[in-house]
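Read off the chains here:
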Amino acid sequence: MVYSSACDNSESQTFKVLSIDGGGIKGLYSARILEHFEDRFNCHLTDYFDLICGTSTGGLIALGLSLNIPVGLISNLYYKRGKQIFPQRNSFLSSLRQIFLKSKYDNSELRRALEEIFGEQTLANSRCLLCIPAFSLTDGRPFIFKYDHSEGNLCRDSKTKYVDIALATSAAPAYLPIVTIDTYDHKQFIDGGIYANNPTLVGVVEALRYFVGNGKRFKKLKVMSIGSLEPNSGRRFVTKHHRSVIDWNKDLITTFFEGQAYLTSYFVETLAHHCDSPFDYVRIPGASLSPEQAQIINLDNSSSEALNLMSQMGKDQALLWGRKSEIADFFKEYKQYIIK
């Protein structure tokens, strides 16, 4: 889907945003798309986007991009560590554990993998503006980790470790444990996907509030949004109307994620055409899944079959979209908001 404004300001006045959806192990699909773009345009993506937003697994990718880590290394994380992060167990026993005892997985393997990638890096080391949504259980409200920029007079997050941010944004309820970050006086966080699984609106609001528009440095906004693989969100007719937590099972979380991601896309599409400062918006959606494929593509299926399918679909989608002029336009000129 491509939505283009009628503005004709020069590219040098353009503020560019990259947004990456959440989706657990399905982040491999998004990573493959971005990996192809880096290869096709022979670049580090962070050199071409002023602001990168990412939620959950998209947040992990966004954090890696902000340090100029090649997307190929992030893709390999899903392949090499996916089975350890999301070990495949007896589904019935795993569901009982998830419902009655604790989160389906612990985050020790994820933490180790993140420490290998990010080490002791903090948000102050980012090479671009960042918005990484999480939800603060302590405050009962959304919490967005940001690169501290002078336009917003921000000074809160620069000392926060990349590892802690990645764990916080990806702590999907019932799947991974709640994350406590000591540097915020022991605030506790869960996955930002409960309100911003598609973080595009977060990026648009950040851009229009601080960087783009009348009286601001940039006159035009361009947004690229990378979706996640999603099965057809419709469900078969439900005969049992009074469903328990056990009956809902994994649908309890995925329904929230699917619903708000769809609504976000609708809001951004509408704003791109009808706000006082219309902007260019490109959304690369998830590829269509057959009923058989949808049975194995979910947040935590780390089987070789699922990983190979997600990788193939990401490459195919990237080849399709990489040929479009709307995508090439993002890589014609370097970003203009330079941090370091």
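Please refer to the structure placed before this passage.
Residues numbered from 1 in each chain as written. Predicted model: local features only at pLDDT ≥ 70, side-chain atom pairs only at ≥ 80, totals over all residues. Heavy atoms only, no water.

K.L.:
So what about unusual backbone geometry? Which residues, and what values?
P.N.:
With the exception of glycine, the majority of residues adopt a negative phi angle, and the majority of peptide bonds are in the trans configuration. The backbone of S56 shows a phi angle near 55 degrees, a positive value even though the residue is not glycine. With respect to the helices and strands, the residue S56 is situated in the loop between β3 (51-54) and α2 (57-66). On the basis of relative accessibility, which here comes to 5%, the residue S56 falls in the buried class. With a phi angle near 65 degrees, N68 is a residue other than glycine that sits in the positive phi range. Within the element layout of this structure, N68 appears in the loop between α2 and α3 (71-85). (Helix = DSSP H or I, 4+ residues; strand = E, 2+ residues; numbered from the N terminus. Buried < 20%, exposed > 50% of the residue type's maximum accessible area, 1.4 Å probe, protein only.)

K.L.:
Run through the side chain of S302, naming residues and quoting values.
P.N.:
The residue S302 is located in the loop between α11 (291-294) and α12 (304-322) in this model. Looking at S302, the relative accessible area reads 1%, which means it is buried. A polar side-chain atom of S302 sits 2.8 Å from the main-chain carbonyl oxygen of F86. Setting aside residues up to four positions removed in sequence, S302 forms contacts with G82, K83, F86, Q88 and L307. (Polar contact = N/O pair within 3.5 Å; in protein donor to acceptor, adjacent residues only side chain to side chain. Contact = heavy atoms within 4.5 Å.)

K.L.:
Can you lay out the nonpolar core for me, pointing to particular residues and giving the numbers?
P.N.:
Core analysis: the largest hydrophobic core is formed by 73 residues, its most contacted members being L34, F37, F145 and F331. Ranked by residue count, the leading element in this core is α12, at 7 residues. When neighbours within four sequence positions are excluded, F37 is seen to be in contact with N42, C43, L45, M224, I284, A318, W321, G322, I327 and F331. Membership of the second largest hydrophobic core comes to 22 residues, among which are V17, L51, L221 and V268. (Core = buried A, V, L, I, M, F, W, Y, C linked by side-chain atoms within 4.5 Å.)

K.L.:
Please provide a residue-by-residue account of helix α5 (residues 108-118), values included.
P.N.:
Residues L110, A113, L114 and F118 constitute the buried set of α5. The arc that holds every buried residue of α5, seen down its axis, measures 115 degrees, which confines them to one face. Where α5 is buried, its residues contact α2, α3 and α6 (162-169). Immediately beyond the C-terminal end of α5, within one or two residues, lies G119, with a positive phi of roughly 55 degrees. (Arc of directions from axis to C-beta.)

K.L.:
Go over the side chain of E206, please, and point to the residues and values.
P.N.:
Note that E206 resides in helix α8 (residues 200-210). Taking relative accessible area as the criterion, E206 reaches 6% and is therefore assigned buried. Sequence-distant contacts of E206, that is, excluding residues within four places in its chain, are made with L51, C131, K146, H149 and F211.

K.L.:
Can you explain α3? Please cite residues and give values.
P.N.:
The axis of α3 is deflected most strongly, by about 40 degrees, at Y79. For α3, every residue scored as buried is listed here: V71, G72, I74, S75, L77, Y78, R81, G82 and I85. Its buried side turned inward, α3 meets α1 (27-40), α2, α5 and α12. (Bend = angle between axes of the 7 residues up to and from the residue.)

K.L.:
Requested: an account of empty space enclosed by the protein, with residues and values cited.
P.N.:
Counted by the stated rule, this structure contains 2 cavities of 30 Å³ or more. Size it by volume and the largest cavity reaches roughly 260 Å³. Listed by contribution, the elements that provide at least two residues to the lining of the largest cavity are α2 and α3. Of all the elements, α3 adds the most residues to the lining of the largest cavity, at 5 residues. (1 Å grid on protein atoms, 1.4 Å probe; cavity = no way out; pocket = protein on both sides within 12 Å on 5 of 7 lines; lining within 4 Å. Points joined across faces, edges and corners; volume = space filled by probe spheres on them.)

K.L.:
Would you mind going over the state of the cysteines in detail, with residue names and values included?
P.N.:
Summed over all chains, the structure comprises 0 disulfides. With no disulfide partner, C131 has as its closest neighbouring cysteine sulfur the one in C53, 4.6 Å distant. Given a relative accessible area of 0%, C131 falls into the buried group. (Disulfide = S-S within 2.5 Å.)

K.L.:
Mind laying out the pairing of strand β2 (residues 14-20), listing which residues take part and the relevant values?
P.N.:
Of all 7 residues making up β2, 7 are buried, and the element is well covered by its neighbours. Relative to strand β8 (residues 220-226), β2 runs parallel, the two sharing 7 bridges. Bridge pairing in β8 links S19 to S225. Bridge analysis of β2 against β3 gives 4 bridges, and the strand direction is parallel. (Pairing = 2+ DSSP bridges.)

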